[in-house]
Amino acid sequence: MAATAETKGPSALRNAFGGVLGVFILLLIGVLAFSIRIFSVIKYESVIHEFDPYFNYRVTQYLTKNGIYDFWNWFDDRTWYPLGRVIGGTVYPGLTLTAGSMWWYVLDMVETVCVFTAPIFSANAAWATYLLTKEVKGTGAGLIAAALLAMVPSYISRSVAGSYDNEAVAIFALVFTFYLYVKTLNTGSLFYATLNALSYFYMVVLGTLLASLVPVVGFNAVMTSEHFASFLVFMENVTLKHNDHYNIEEAFSWHYAQLECCFRRTYASKYIPIIASVSEHQPPTWPSYFMDINVLAFLVPAGIIACFLPLSDASSFAVLYLVTSVYFSGVMVRLMLVLAPAACIMSGIALSEAYDVFTRSIKLQLPNILDNSPDAGDINSVSSIAQNDASKIDSHATTNKSETVSKERPSRKNRKKEKEKEIVEKVPSNSENKKRLLVLPLEASAVSILLLIVLGGFYVVHCVWAAAEAYSAPSIVLTSYAPDGLHVFDDFREAYAWLRHNTDVDDKVASWWDYGYQTTAMANRTVIVDNNTWNNTHIATVGTAMSSPEKAAWEIFNSLDVKYVLVVFGGLVGYPSDDINKFLWMVRIGGGVFPHIREPDYLRDGQYRIDAQATPTMLNCLMYKLSYYRFVETDGKAFDRVRRTEIGKKYFKLTHFEEVFTTHHWMVRIYKLKPPKNRIRGKLKKPRSTSKSSSSNQKRAGNTQKNPWQ
Amino acid sequence: MAPTVPRFVLLLFLLPILSSTARSDLVISRVDRRVENVGAGAVSEVLLAFPNSQAENLAAIKTIYIEGKGKGSSSSLPTARVEPEGVPPELTFYSISLPKGLEKGETVTLDILTVFTHSLKPFPEEITQADVQLVLYQDSAHYLSPYAVKVQTLGIRLPSRRVESYTKYPNTKLVESEIRYGPYENVPAFSYSPIVVHFENNNPFVVARELVREIEISHWGNVQVTEHYSLVHGGAGTKGGFSRIDYQYRHSISGMSSFRHLIARLPPRAHSIYYRDEIGNISTSHVWGDSRRTQLEIEPRFPIFGGWRTSFTIGYGLPLQDFLFESEGKRVLNITFGCPMAEVVIDNLIVKVVLPEGSKAISVSAPFPTKQWQEIKYSHLDIIGRPVVILEKNNIVPEHNLYFQVYYKFNNLSLLREPMMLIFGFFFLFIACIVYMHTDISISKSSASYLAKLQWDEVQATVQQVQNIISHSLAVHEKLEASLRDLSRTGDVQSCKAARKAADGQLKELAKELKPLLGFLQSSTQASQIWPKVEELVVKEKEMQEKLMLRHATVVDCFEKKLGGREIENRIASQQQKISALRQEVDDLLEVIDEI
């Protein structure tokens, strides 16, 4: 590969060997990057993970089934009922098309392709990192940076097998674009410039810079003018080669999107609770830096220093990349991912330089030690060194070094004993002086190398641990180790499979938006809201329904044609991220649009609780009822294992909903809306707004309606 | 033949077994009949009649002919559907061919086994989780026959003792869980007296609406079986939702007709078993086995109640040598037709046998009639595709779980085709790479930039050679130094001189070699940038040579004069410094040139 193209010394064989070794190492790095990410497949199974990947999976399935033209024109009526979503125009098609073409050329199993897309592109990203770092600081740094990137936990967290998401591919696109940019800069070749433009376009098509970072933004990623603007700026930048300004422009062009994001993010979190409700959008803590980039955090400063000696275009680019990504990673946990390659490149440079210095010091001093220890005849030792010199003279690089050897030796020796035979001594010149200054004491360098190896070992152990334990859980299958063996909690798929097979194909399922993508992909049922979260009002409507008492909720759901309501309940087995724990966000988001839902009504003295002290509004809301319906019959006390308390209201009946399915561990409960009664028994209530069918009227009614539970 | 003429007298003992535990949705009816020919002339056929409503659900029919009385050897007789003339259209007829003609007055004992599916109608049609499942069975108390019947009894064996109601005729009694009608004597032909039995049946009615079995043969030693199930619980539908709490904590009275798991009996030595559906692996399954069979217990994702559906896929590999044999130059695949689960009734079974690419002369022999056709399937590295034999049959019951055979011809050499394709593919890829690296594919060979590039390459090569020569001469310098050191150690002046002579010769040769190269560099326009450096390098090197020689001469001289070490040192000190400086310059220049 490119490793061979480095030096054209007389020792072609040595170089060829080095080249082959380099290719081999890169191959192993690729294997490492791939295999460290398939812990999830080995520990669990080959399955799509989490939430967003299910959407991408579904889109890919559609693409492979219906072809590219149908895909562009796809209007999805299975989601955001009754609004629907224009998928072709709102999705970032890069990932889908990538996997789709992999499916077309290589495999015909869509799921397998989707599961393994991320690990494959991680290997590619490692290679791209090699190329970029090689442009910046040489082959050695490149190899180390590639190895570091292959297993950096921050990237693993986004690219384990099954996490079929934009980020996994985007990091490759990002790094590769940077490589081509730096390459163009270094060579001035039009070929690379063109490649660079294409690659940049691919990256934009992937849309990470916008899409993966903030969920609310983004329509028509490819078509929007600002993308073309940044794209054009970049093109111009590359082709016209404004070297003087390139730093500014470059920074502008690619961080433009992020700036926009971050700007919007601060805006959004202030005014839209949806954004704030996503844990990925919180600022990171120091432990998360340690968790995600581990020892790289300590190596990065050294890398920056190494980049300044000497400062080239490429190395200043790397420094700039690092600094900006550090800044942005401080805004949002999610942006740590962008920091990871920068940190790897810097650490690779730092480690490579450090090894360079230490090994050189050892190499220069080692012959000395060997010679001095016998301390036989000086002439002997002199001649042996001289022969050493002669034998090494064939290679230019080693000539210099052995030169230094012969220089080094007498200078130390002079101090020890004055001898007459200093025929071969030569006057040290400037450059030799420089090199001699870089030479560290032997013991110190040996210890340092050992320490660096230990540090690297620590990093590897941490990465493997992170890959195996922390980031491999698919989150739709949970496992726990009990004394009697492994327990598998497969409740989500149980519920989705039930919905898929035992409800009508056009039934609408309402749930909190977290489960929207999974429901459409796994249960193939129409959902009201999903993880795309583009319509805040719609989500607020569902939030309002969940926070309302049963009858009001029934009316809202009925107006949306909902037939089934799905809630996630972890109280029986202690699954903490259930709907009761997310409930306050539903109240907030609902209350943001419909003012009759007020957060304080659900809090007792500012505390969120579901025990006997809870407010009546809380105990009567739909979410509480659906979660705890007949829960008391399991143990007689209704002890909630997540909240670690007995619930407030234990015995109640549902009048407008009926339980149709509950999974084995009660983690998902599905209720059906009872059909309206033909005849209302007892006294008739005051005639209300008769138009229940249109949802807008319903919302207006909801707005004006007084909350009966306060 | 006019069946309206009663030529047979039948002695019947009819025994429908309604739902034994393993056979949920099935009615298995065994008819023992002794047939006596009372007509004239020998006959070789016996007709059986079923009402159309029953005949639709008839899944299997089998006749066993018992020779002699009591314990005779038994053999099964061919039974086929016929459409005789002059019979009411509401009836469907099957005909049994007797092995030999039945003479007048002779009797023969036939044991007829028929299996009906979907004959038990749940009533009520929808039940709650806590209810038991009640079903209706309709039949005739008199055996429907085109012949007059002498004596006949009917026994209905039920799966439980609880019977809601049953049609009461004279001679009817309920004993334990068996209802007996009869014996009736001298029943005329085509007599029909409907009966209805309403009883409890909590056995799950597992029905596979469709089962697609794909059997793929790989001559590398594997038979891969993949079975796609689409199951439904055919019993009474569920109303009023499903309560997990009742199901978990009051299991004895809740969901009695539902089922949680199924057991598949796979052939021995089945391996790589998986169980999944469209959204991933289903973790609730167990496998155990011995040398005779492998048992796979699978549990669907959720308990299946009446009317609920699910679908899943089971796959397993089997060793090829257990199922593939050779006979008369042909290969025979001998494998079971039905599904490995005994409880399952299959509405529509499709068996696809995927033969290896290049199979020819394909023929199928099945133990019962099936719809058959062929397709082509493309898999990895296929060119002409693999032939697929497809068999389709409705109403499959465990009685159909028989072996069928697929015969085909296959050349073993075809096995190597795909590996060879890969090998050659990569081979040509590498060849292409080598060719690409070694050929000049520039479009315009006369353009200035192209020529300049060529020249530049040449210049680089020349500079490389110059560098080589310089480093050689540097090596010679080292040798000189070494000889000096030898001298200081041994005092052998002669050898030192010899070394100097040799070095001199070598250096001269090198200088000779250098000359044309320098000439080329000087003339080349491309080398204008590098030339001054090279020139300087050569000059410095020459200077260094001279100095070295001078010093060598001085030292040797001193030794000849037997001067002391310190004196020698003093003498050569200045030379030494110059040499070092020169050496440094040469090295620097080499580095600079290298960078260019």
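Conventions adopted
Residues numbered from 1 in each chain as written. Chains lettered and ligands numbered in written order. Predicted model: local features only at pLDDT ≥ 70, side-chain atom pairs only at ≥ 80, totals over all residues. Heavy atoms only, no water. Helix = DSSP H or I, 4+ residues; strand = E, 2+ residues; numbered from the N terminus. Buried < 20%, exposed > 50% of the residue type's maximum accessible area, 1.4 Å probe, protein only. Contact = heavy atoms within 4.5 Å. Areas by Shrake-Rupley, 256 points an atom, 1.4 Å probe, with all protein chains shown as cover. Axes fitted to C-alpha atoms, helices over the stretch in contact; angles between N-to-C directions. Parallel < 35°, antiparallel > 145°, perpendicular 65-115°, else oblique. Left-handed = near helix turned anticlockwise from the far one by under 90°. Core = buried A, V, L, I, M, F, W, Y, C linked by side-chain atoms within 4.5 Å. UniProt positions renumbered as here; feature names shortened; annotations may be inferred. Expected span 1.5 Å × (residues − 1). Bend = angle between axes of the 7 residues up to and from the residue.

A.B. asks: Explain the overall build of chain A to me, please; I cannot follow it from the model alone.
C.D. replies: In terms of helices and strands, chain A carries 31 helices and 13 strands. For chain A, buried positions account for 56% of its 710 residues. When contacts within chain A are restricted to residue pairs at least 6 apart in sequence, long-range pairs at least 24 apart make up 72% of them. Accessible surface, chain A: about 30,300 Å² in total, of which carbon and sulfur atoms supply 62%.

A.B. asks: Looking at this structure, how should I read the packing of helix H3 (residues 52-72) of chain A against helix H6 (residues 110-137) of chain A?
C.D. replies: Working note: a packed helix pair is described by the angle between its axes plus the distance between those axes. All names here are of chain A. Close contact between H3 and H6 brings their axes to 10 Å; oriented N to C, the two are set at 135°. As far as their axial angle goes, H6 and H3 are oblique. In the crossing of H3 with H6, the sense of the turn from one axis to the other is right-handed. Here Tyr57, Thr60, Gln61 and Thr64 of H3 lie close against H6, whose contacting residues are Val110, Glu111 and Cys114.

A.B. asks: I keep staring at the nonpolar core and nothing clicks. Help me out?
C.D. replies: As a rule of thumb, nonpolar side chains are buried together in soluble globular proteins. If you look at the biggest cluster of nonpolar residues, it comprises 223 residues, and the most contacted ones within it are Met546, Phe557, Phe657 and Ile670 of chain A together with Phe312, Met341 and Val353 of chain B. Element by element, the count of residues in this core is highest for helix H18 (residues 336-372) of chain A, at 16 residues. Those residues in contact with Phe557 of chain A that sit more than four places away from it in its chain are Ala510, Ala545, Met546, Val562, Val565, Leu622, Phe657 and Leu673 of chain A. Counting residues in hydrophobic clusters, the runner-up holds 27 residues, among them Ile470, Leu474, Leu517 and Leu521 of chain B.

A.B. asks: Explanation requested: the UniProt feature "transmembrane region" (unreviewed entry) in chain A in the structure shown.
C.D. replies: What UniProt calls "transmembrane region" (unreviewed entry) maps, in this numbering, to residues 12-36, 86-106, 113-132, 138-156, 168-193, 199-222 and 289-311 of chain A. Helix makes up 84% of residues 138-156 of chain A and strand 0%, with an end-to-end C-alpha separation of 25 Å.

A.B. asks: How should I be thinking about H6 of chain A in this particular structure?
C.D. replies: Helical periodicity: at 3.6 residues per turn, an α-helix aligns residues three or four positions apart in one direction. Residues and elements named next belong to chain A. The terminal C-alpha atoms of H6 lie 40 Å apart, and with 28 residues this matches the ideal 40 Å at 1.5 Å per residue to within 8%. The sharpest bend along H6 comes to roughly 40°, located at Thr117, with the proline Pro119 sitting one to four residues further on. The element H6 is extensively covered by neighbouring structure, given that 24 of its 28 residues are classed as buried. One or two positions beyond H6, positive phi appears at Gly138, with a value near 100°.

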